[in-house]
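Structural overview for review
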Amino acid sequence: MHEILLKAYLMGWRHRETISGDEWAERNITSVPYSPQPGHLTFAHRPYLREPLQAATTMLGVSVVVMMAPVQAGKTMVFDCSAAWHAVNNPGPILVLSDTDANANDYAEGRLNILFEVNQPMAGMLPPDRRKNKRNSKRLTNGTVIWILGAHTPKNLQRRSIKILIGDEIWKWPQGHIGEAIARTTAFHGASRCIFGSQAGDERQEMADLWEQTDRKEWCWTCPECGAEQAWGWEMAKWDDVRTEKREPDWAAIRASCRYACTKCGREYPNSRQTLARLNKASRYVVQNPHHSAGKLGYHFTALAFHPLEELVEEYVRSQMALKDGNEEPYKIFVQKRLAATWREELGTVEAEVPLTGVLMNRPWDRMAWITNKGLVPVRPEGTPAAPCAALTVDVMKDYFYYVIRSWALDGSSMLIDCGRLTSWAQVKQKQEEYGIMSSCVYVDYGYETDTVVLQCHNNGWQPCKGSGLRAWRHKRRKGHVTLPYSPYETTKAVGGTTCRLISFASNAMKDIIHFSRIRTLNGREPGWNVPDDIPKEYLNHLAAEKRIQKISGSWVWEQQGSRPNHLLDCECMQILFALLLNLPVAADYRMDA
């Protein structure tokens, strides 16, 4: 008994190590059974983990460490080593938080308990009575107590005063729980340390705010050719966009073409382990936020620093293909888990893919049909009144308007002529007159400021129309009924008694028709949905602001992504309505039950 007490006394007064935390870990952790490399611990192949571990252990003046890292990067090993170092060299209460209790149990059983049991000096500090070592708590002979719990459970963040706090995957934590956990260290002010690590989350999460408070150090490499220092960002990844005869990605050729490149001088380096080792050896952390909160350090690196480049490139290319189809989830996963970057809604904005046409904005389209008193004709007749077969569609906002002008051909092909913003009803009228568009071919959205819309349409002879969640309406015909993606005309009245004929249309159906028309055009088939080569980027972003998803019922609907603007897409929906009312064959690839 005397020997046990003496040992505990000596361990409690153990001289604190003066070597850095990473050196201490490499010296004392001789076995990591759960690691892919289960032998003696080394950071030789992952040098970007050294400084974060130093900050978490031996670096002076540090209160908070945040490591924003990709998956499978080794950040959990930093937690393992931090817990071990503090347990041995900085005795006190330690709280290790996973996101849930279940994951905390897995971490305790699958990692930390094993690490302590097979490595000295931790194993020598475990009490002889193993019953004192529960699955989620440890009491060492030097007085250190370690709890391993889940951050989702509120009671786990209460009652305890904590000297060392370690938090994993904080992007999954409930809002406010990071602050609650940090508050547990108040009693040890000046001696406490909070160590967090995670993949990136969303911009509105609590971890994003915490990250912004740090110095946000970036793992940067130096180009051997020009000496420029730069981050391990996605811009340094290069590959050839090789396609098969069917215009599909040639994955084998793409993977074989992958290489690294300096973003400053353009010098390219082969995709190999030797290149990774060489560039990592010439890397260091560089502060990006010099005006950070005192004592708060942040470390960021991407998967480019260790993951096979060809796998990253294929994952990225596939995510971009999905993004163009309206599915942003694969790209979001790539950004958060591979680039360890905070997801922001605008990252999911993709410019709609459009083929080159050789046509520029505000120019006449030689295939445009003409409207006469005898119907549509392909060429403007001489000596007979005719108007362009073109529509001006307007989406009404609070202080301005979005508009699209599109010309139509008899086969259902079309060309966008003009688009943008207007600031007054007078400018809408001027735009109509500029292109010689008939008043009945001006379609105005009825969804906002309805009384004003009715009044303007009544006075100018324009057509008000309204998008609807319905998919179709029944129309009477001489021989029964037909189902169409727009309603019969109905009378609508504004305050004061002014009336207009209103028509509603199925928004999802119109967007489906646009979607299939774009695919048809990209595949080189007619009728084409065409845009000029100098189309504004804003138009392309609006066109890709919604994605097509399938409901449990099997039906397909379009959903706006976050708060991304889609007003020019709404204008294009009204263009489809115009074409359908003229019986132009624009819906060749669309089925009412699609």
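Residues numbered from 1 in each chain as written. Predicted model: local features only at pLDDT ≥ 70, side-chain atom pairs only at ≥ 80, totals over all residues. Heavy atoms only, no water.

Helix 2 (residues 21–28) sits mainly inside the fold: six of its eight residues count as buried. Structurally, helix 2 contributes buried residues whose contacts are with helix 3 (50–57), helix 4 (75–89) and helix 6 (122–125). (Buried < 20%, exposed > 50% of the residue type's maximum accessible area, 1.4 Å probe, protein only. Helix = DSSP H or I, 4+ residues; strand = E, 2+ residues; numbered from the N terminus. Contact = heavy atoms within 4.5 Å.)

In this section: the environment of Asn373. When you line up the elements, Asn373 lands in the loop between strand 14 (370–372) and strand 15 (375–377). Remark: the alpha-carbon pair of Asn373 and Pro532, spanning 159 residues in sequence, is separated by 30 Å.

Let us now look at the pattern of salt bridges. Any two side chains of opposite charge can pair, given that their charged atoms come close. In total, this model carries 26 salt bridges according to the counting rule given. Of the charged contacts in the structure, one is a salt bridge between Asp411 and Arg367, with a shortest N-O distance of 3.0 Å. Remark: Arg367 occurs in the loop between helix 12 (329–338) and strand 14 and Asp411 occurs in the loop between strand 18 (401–408) and strand 19 (414–422); sequence separation between them is 44 residues. Measuring nitrogen to oxygen at the nearest pair gives 2.8 Å for the salt bridge that ties Arg548 to Asp512. Of this pair, Arg548 sits in strand 27 (residues 546–550) while Asp512 sits in helix 15 (residues 507–522), and the two are 36 residues apart along the sequence. With respect to burial, Arg548 and Asp512 carry one shared label: buried. When salt bridges that share partners are traced, they join Asp22, Glu26 and Arg50 into one network. (Salt bridge = Lys/Arg side-chain N within 4 Å of Asp/Glu carboxyl O.)

On average, residues of the protein chain score 89 in pLDDT, and 93% of them reach the 70 mark or higher. A low-confidence stretch, residues 1–15 stays under pLDDT 50, and its non-local contacts, those more than four residues away or across chains, total 11 contacts. (pLDDT = per-residue confidence, 0-100.)

Of note, Asn460 is situated in helix 14 (residues 450–460). Given the relative accessible area of 19%, Asn460 is considered buried. For Asn460, the contacting residues outside a window of four places in its chain are Lys429 and Ser439.

Ranked by internal contacts, the top residues of the largest apolar core, which has 78 residues, are Trp232, Trp234, Phe301 and Leu304. Not counting residues within four places of it along the chain, the set of residues in contact with Leu304 comprises Trp232, Gly233, Trp234, Met236, Ala237, Tyr260, Leu276, Leu309, Leu312 and Leu339. Membership of the second largest hydrophobic core comes to 68 residues, among which are Val404, Ile437, Cys441 and Val453. (Core = buried A, V, L, I, M, F, W, Y, C linked by side-chain atoms within 4.5 Å.)

Here we take up the layout of surface pockets. Looking at the largest pocket, its volume works out to about 1,600 Å³. If you trace the largest pocket, you find 50 residues lining it, with Arg46, Gln72, Ala73, Gly74 and Phe306 closest to the centre. Elements represented by at least two residues in the lining of the largest pocket include exactly helix 4, strand 2 (93–98), helix 5 (101–118), helix 10 (273–281) and helix 11 (309–324). Per-element accounting of the lining of the largest pocket gives the leading share, five residues, to helix 10. (1 Å grid on protein atoms, 1.4 Å probe; cavity = no way out; pocket = protein on both sides within 12 Å on 5 of 7 lines; lining within 4 Å. Points joined across faces, edges and corners; volume = space filled by probe spheres on them.)

In this chain, Gln120 is followed by Pro121 through a cis amide linkage whose omega measures 5 degrees. Structurally, Pro121 can be placed in the loop between helix 5 and helix 6. Cis peptide bonds are those with omega within 30 degrees of zero, and the linkage from Glu526 to Pro527 qualifies with -5 degrees. Even without glycine at this site, Arg216 takes up a positive phi of about 50 degrees. Looking at where Arg216 falls in the secondary structure, it is placed in the loop between helix 8 (206–212) and strand 7 (217–222). Here Ala340, not a glycine, exhibits a phi torsion of approximately 50 degrees, which is positive. Looking at the secondary structure, you find Ala340 in the loop between helix 12 and strand 14.

The next subject is empty space enclosed by the protein. Applying the stated rule across the entire model yields two cavities of 30 Å³ or more. In this structure, the second largest cavity encloses a volume near 30 Å³. Along its surface, the second largest cavity is lined by Trp408, Gly412, Ser414, Ser517, Arg520, Gly528, Trp529, Ile576 and Val586. Looking at the lining of the second largest cavity residue by residue, the classes come out as four nonpolar, four polar and one charged. (Nonpolar A, V, L, I, M, F, W, Y, C, P; charged D, E, K, R; others polar.)

What follows is about the environment of Ala56. The residue Ala56 is located in helix 3 in this model. Overall, the relative accessible area of 0% leaves Ala56 in the buried class. Taking the C-alpha atoms as reference points, Ala56 and Leu410, separated by 354 residues in sequence, lie 70 Å from one another. Once you skip the residues sitting within four places of it in the chain, Ala56 turns out to touch Val65, Ser82, His86, Arg193 and Ile195.

Right, let's talk about the packing of helix 2 against helix 4 for a bit. The contact between helix 2 and helix 4 brings their axes to 10 Å, and the two run at 90 degrees. Accordingly, the angle class assigned to the pair helix 2 and helix 4 is roughly perpendicular. On helix 4, the residues touching Gly21, Trp24 and Ala25 of helix 2 are Cys81, Ala84, Trp85, Val88 and Asn89. (Axes fitted to C-alpha atoms, helices over the stretch in contact; angles between N-to-C directions. Parallel < 35°, antiparallel > 145°, perpendicular 65-115°, else oblique.)

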